[in-house]
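Architecture and fold: a report
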Amino acid sequence: MSHRLNVALGQYDIGWHSPEASLAAAETLITRAKAGGARLVVLPEMATTGFTMDKSQATPLQGPVVSRLGELAARSGVWLVAGVAVREDEGSDTAAPRTVNTAIAFDPEGRVAAVHRKQRLFAYGGEHEHYRAGTRPTCLLIDGVRTALFICYELRFPELFGAVARDVDAMVLIANWPAARHAHWDALLRARAIENQCYFIGVNRIGSGGGLTYDGGSAAFTPWGEDMAPETASGVPIVTLDTRTVAEVRERYPFLRDRVV
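Just so it is clear, the structure is predicted and the values come from calculations on it, not from any experiment. (Residues numbered from 1 in each chain as written. Predicted model: local features only at pLDDT ≥ 70, side-chain atom pairs only at ≥ 80, totals over all residues. Heavy atoms only, no water.)

We now examine the environment of Ser-218. Inspection of the secondary structure assignment puts Ser-218 in the loop between strand S12 (212–215) and strand S13 (219–221). Along the backbone, Ser-218 and Asp-167 are 51 residues apart, and their C-alpha atoms lie at a distance of 24 Å. In this structure Ser-218 touches Leu-9, Gln-11, Trp-185, Gly-202, Val-203 and Asn-204, once residues within four positions along its chain are discounted. Only 2.7 Å separates the side chain of Ser-218 from the side chain of Gln-11, close enough to count as a polar contact. For Ser-218, the side chain forms a polar contact with the main-chain nitrogen of Asn-204, separated by 2.9 Å. (Helix = DSSP H or I, 4+ residues; strand = E, 2+ residues; numbered from the N terminus. Contact = heavy atoms within 4.5 Å. Polar contact = N/O pair within 3.5 Å; in protein donor to acceptor, adjacent residues only side chain to side chain.)

Next comes the structure, spelled out in structure tokens:
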């Protein structure tokens, strides 16, 4: 059976350490994406604060910031993926909360459907000194499309994607990827689509924050590595995924069968 999914590439200028401004921008974007026919809206990494090493900006998973994102998903009746710095209680009365960089998926009722914890931390920027790394991949079913979630720096580690390639139709990566390394962004997004024979979606931010400049470049590639041409009638780029295309590419060119995991 073939399943189709309209995905909005929701890049925007995140308010630096300003959840209120960021959520207001996200609300406008989600509303426009819904009007354009999107069923899944993808927002960047740390979509409410910018890519910050200030752990005081982290919020509880049950806190008001995450709840607000769920409300935005429910109001428009869409699936939503958004990056949030989260503070987690490890379950001990004496253990200090850990801080993790997450990609949270909300269903159209606003419920948390999945939480991906970033597995590779950006040591070049000191992320490993402030956040704890995740230990496993995260996959979920979105309207029949098997989807894996990833975050920014993970893009440089092909083994993370290869580990789930056979089990997914699409990979979604959210980022705060600086303009200075834009050429790497373009090359690696396409490479991950080609080598895993699935749709690959990368959503980056624009604007500036923490002394860095971001120029977006959000993009989507087919399982054959072709750059998809987003529909932008609503002002938000939207692409359509079709699981039949993934099955046809993999059947005609069964390269994944030869991969040693």
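This part covers the nonpolar core. By size, the foremost hydrophobic cluster in this structure holds 58 residues, and its most contacted members are Val-7, Met-171 and Leu-241. Ignoring anything within four residues of it in the chain, the contact list for Met-171 reads Ala-148, Phe-150, Phe-161, Val-164, Ala-165, Asn-196, Cys-198, Tyr-199, Phe-200 and Ile-201. Counting 27 residues, the second largest nonpolar core, distinct from the first, contains Ala-26, Leu-72, Ala-82 and Ile-104. (Core = buried A, V, L, I, M, F, W, Y, C linked by side-chain atoms within 4.5 Å. Buried < 20%, exposed > 50% of the residue type's maximum accessible area, 1.4 Å probe, protein only.)

When the terminal C-alpha atoms of helix H2 (residues 64–76) are compared, their 18 Å separation across 13 residues agrees well with the 18 Å that a helix rising 1.5 Å per residue should span. Every buried residue of H2 is listed here: Val-65, Val-66, Leu-69, Gly-70, Leu-72, Ala-73 and Ser-76. One side of H2 holds all its buried residues, which, seen down the axis, span an arc of 155°. Those residues of H2 that are exposed and angled more than 90 degrees off the buried face are Pro-64 and Arg-75. Against the buried residues of H2 lie helix H1 (19–35), strand S3 (59–60), strand S4 (79–88), strand S5 (98–106) and strand S6 (112–117). (Expected span 1.5 Å × (residues − 1). Arc of directions from axis to C-beta.)

Evaluated as defined, the whole model comprises 8 aromatic pairs. Here the aromatic rings of Phe-122 and Tyr-124 are separated by 5.7 Å at their centres, their planes lie at 50°, and the arrangement is tilted. On the accessibility criterion, Phe-122 (18% relative accessible area) is buried. Judged by relative accessible area, which is 72%, Tyr-124 ranks as exposed. Ring centres of Tyr-253 and Phe-255 lie 5.8 Å apart, and the angle between their planes is 40°; on these two criteria the pair is classed as tilted. Lying over the aromatic face of Phe-157, Arg-120 brings its terminal NZ or CZ to 5.5 Å of the ring centre. (Phe/Tyr/Trp six-rings, centres within 6.5 Å; stacked < 30°, edge-to-face > 60°. Lys NZ or Arg CZ within 6 Å of the ring centre and 35° of its normal.)

Here we take up the state of the cysteines. The bond known as a disulfide is covalent and runs between the sulfur atoms of two cysteines. Per the counting criterion, the structure on display carries 0 disulfides. Free of any disulfide, Cys-139 has its nearest neighbouring cysteine sulfur in Cys-198, separated by 10 Å. Assessed through its relative accessible area of 0%, Cys-198 is described here as buried. (Disulfide = S-S within 2.5 Å.)

One pass over the structure, following the stated rule, counts 15 salt bridges. Among the salt bridges present, the one from Glu-27 reaches Arg-75, with a minimum N-O distance of 2.5 Å. Of this pair, Glu-27 sits in helix H1 while Arg-75 sits in helix H2, and the two are 48 residues apart along the sequence. By relative accessible area, which is 25% here, Glu-27 ends up partly exposed. A salt bridge links Arg-111 to Asp-107; the shortest N-O distance between them is 2.8 Å. Each member of the salt-bridge network shares a partner with another, and the members are Glu-27, Arg-68, Glu-71 and Arg-75. (Salt bridge = Lys/Arg side-chain N within 4 Å of Asp/Glu carboxyl O.)

With phi around 50°, Asp-143 is a residue other than glycine that occupies positive phi space. The topology assignment puts Asp-143 in the loop between strand S7 (138–142) and strand S8 (145–151). The class for Asp-143 is partly exposed, based on a relative accessible area of 30%.

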